[in-house]
Amino acid sequence: MKKTTLLINCPDQKGLIATVTNFILEKEGNTIYVEQHVDHALKEFFMRLECEFDSDEKKLARFKESFNTNVAAHHQMHWEMYDTDKKPKMAIFVSKYEHCLYDILGRYASGELHVKIPIIISNHADLKPIADAFNVPFKHIPVTKGNKVEAEREQISVLEEHKIDFIVLARYMQILSSDFVDRYPNKIINIHHSFLPAFPGAKPYHSAYERGVKIIGATSHYVTSDLDEGPIIEQEIVRVSHIHNVQDFILKGRDLEKIVLSRAIKHHIQHKVLVYNNKTVIFS
């Protein structure tokens, strides 16, 4: 049997769950898990289904065509179906901070992340030894103010060569252009501290320490052309107090970044995220 995940959103109306599950049953499929949510303010319906079908690819293709014509079009559905067993190809972008890269590659090597990592791309060569230790190809593409367009063109070429499905910015300290971002809508995941916009700049933890903050946080989100304002996938916080110094702040922040980024990656590869109006519905 072929396992698939079906994500749906459409205007809310009665009987949607029954309509979809009954149609799957009629087409000799089996629904094994359903989760749904209704945004009453927007009057929008969201649903995630895990289904099993005969492994015949032609039958599955006919199901998709029939579902689109007989169900989705009638209910104004936006829908996507994914092969649950297929490992998506993930590219990692890094600069010089190594904590998120180590964490991702450690989880990848242990089999915790159901992905393939064909390439790591960096604007610096510093972290190549880490990639080598995990036997993951590393591509150094320097980025300067003068060569940004050419550098992004080369990055895109590498991504297309490896047929990358989505990108993770594991503390990649460069701003991607709108042209780059638009090529990968809701397929670029970023991580950063949650002090923005109060404490911008190169040393946010120092600024937060001097201000006497009581909570440190991290946010992972999809990248859009609006800097750090994309749909939020995951967040976490930890409390701090007067007994902690700046180094404590930094270490706690880095721990949060690793945890939050790994959660966001898992949500994405398990197809548990639905984006709507720059917000996300995260299914359990």
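Structure's up top.
Residues numbered from 1 in each chain as written. Predicted model: local features only at pLDDT ≥ 70, side-chain atom pairs only at ≥ 80, totals over all residues. Heavy atoms only, no water.

Another aspect to go through is the packing of aromatic side chains. Applying the stated rule across the entire model yields ten aromatic pairs. When the ring of phenylalanine 46 is compared with that of tyrosine 276, the centres are 5.6 Å apart and the planes differ by 80°; the resulting orientation is edge-to-face. Of this pair, phenylalanine 46 sits in strand 3 (residues 44-53) while tyrosine 276 sits in strand 12 (residues 273-276), and the two are 230 residues apart along the sequence. On the basis of relative accessible area, phenylalanine 46 is assigned to the buried category, the value being 2%. Pairing phenylalanine 180 with tyrosine 184 gives two aromatic rings, centres 5.8 Å apart and planes at 40°, and the pair type is tilted. Tyrosine 184 shares its class with phenylalanine 180; the two are buried. Joined through ring pairs, the aromatic side chains of Phe23, Phe53, Phe63, Phe67 and Trp79 make up one cluster. Above the ring of tyrosine 97, the side-chain terminus of arginine 171 is found at 4.6 Å from the ring centroid. (Phe/Tyr/Trp six-rings, centres within 6.5 Å; stacked < 30°, edge-to-face > 60°. Helix = DSSP H or I, 4+ residues; strand = E, 2+ residues; numbered from the N terminus. Buried < 20%, exposed > 50% of the residue type's maximum accessible area, 1.4 Å probe, protein only. Lys NZ or Arg CZ within 6 Å of the ring centre and 35° of its normal.)

Spanning 24 residues, helix 8 (residues 246-269) covers 35 Å between terminal C-alpha atoms, matching the ideal 34 Å at 1.5 Å per step. Between a side-chain oxygen at the N-terminus of helix 8 and the backbone nitrogen of glutamine 247 the separation is 3.0 Å; the capping residue is asparagine 245. Immediately beyond the C-terminal end of helix 8, within one or two residues, lies histidine 271, with a positive phi of roughly 55°. (Expected span 1.5 Å × (residues − 1). Polar contact = N/O pair within 3.5 Å; in protein donor to acceptor, adjacent residues only side chain to side chain.)

One non-glycine residue with positive phi stands out, namely lysine 163, at about 55°. Locating lysine 163 in the fold gives a position in the loop between helix 5 (148-161) and strand 8 (166-169). Lysine 163 sits in the exposed class, given a relative accessible area of 60%. The backbone phi angle of asparagine 278 is positive, close to 60°, even though this residue is not glycine. By secondary structure assignment, the location of asparagine 278 is in the loop between strand 12 and strand 13 (279-282). By relative accessible area, asparagine 278 is classed as partly exposed at 43%.

Once that is clear, we can look at the sheet that holds strand 6 (residues 116-122). Neighbouring strands of a sheet are bound in pairs by backbone hydrogen bonds; such pairs are parallel or else antiparallel. Read from one edge of the open sheet, seven strands run 7-6-5-8-9-10-11, paired in mixed fashion. Looking at the sheet topology across the chains shown, the edges are occupied by strand 7 (138-140) and strand 11 (232-239). Here the strands of the sheet are splayed against their neighbours by 20° on average, with no regard to which way each runs. Pairing of strand 5 (residues 89-94) with strand 6, which is carried by five bridges, proceeds in the parallel orientation. (Pairing = 2+ DSSP bridges. Axes fitted to C-alpha atoms, helices over the stretch in contact; angles between N-to-C directions.)

As a further point, take the packing of helix 1 (residues 16-26) against helix 2 (residues 57-72). It is at 11 Å that the axes of helix 1 and helix 2 come closest, and there the two elements cross at 145°. Along this stretch, helix 1 crosses helix 2, giving a crossing that reads as right-handed. Residue-level inspection shows Thr19, Val20, Phe23 and Ile24 of helix 1 in contact with helix 2, the latter providing Phe63, Ser66, Phe67, Asn70 and Val71. Counted by class, the contact of helix 1 with helix 2 contains six nonpolar, three polar and no charged residues. (Left-handed = near helix turned anticlockwise from the far one by under 90°. Contact = heavy atoms within 4.5 Å. Nonpolar A, V, L, I, M, F, W, Y, C, P; charged D, E, K, R; others polar.)

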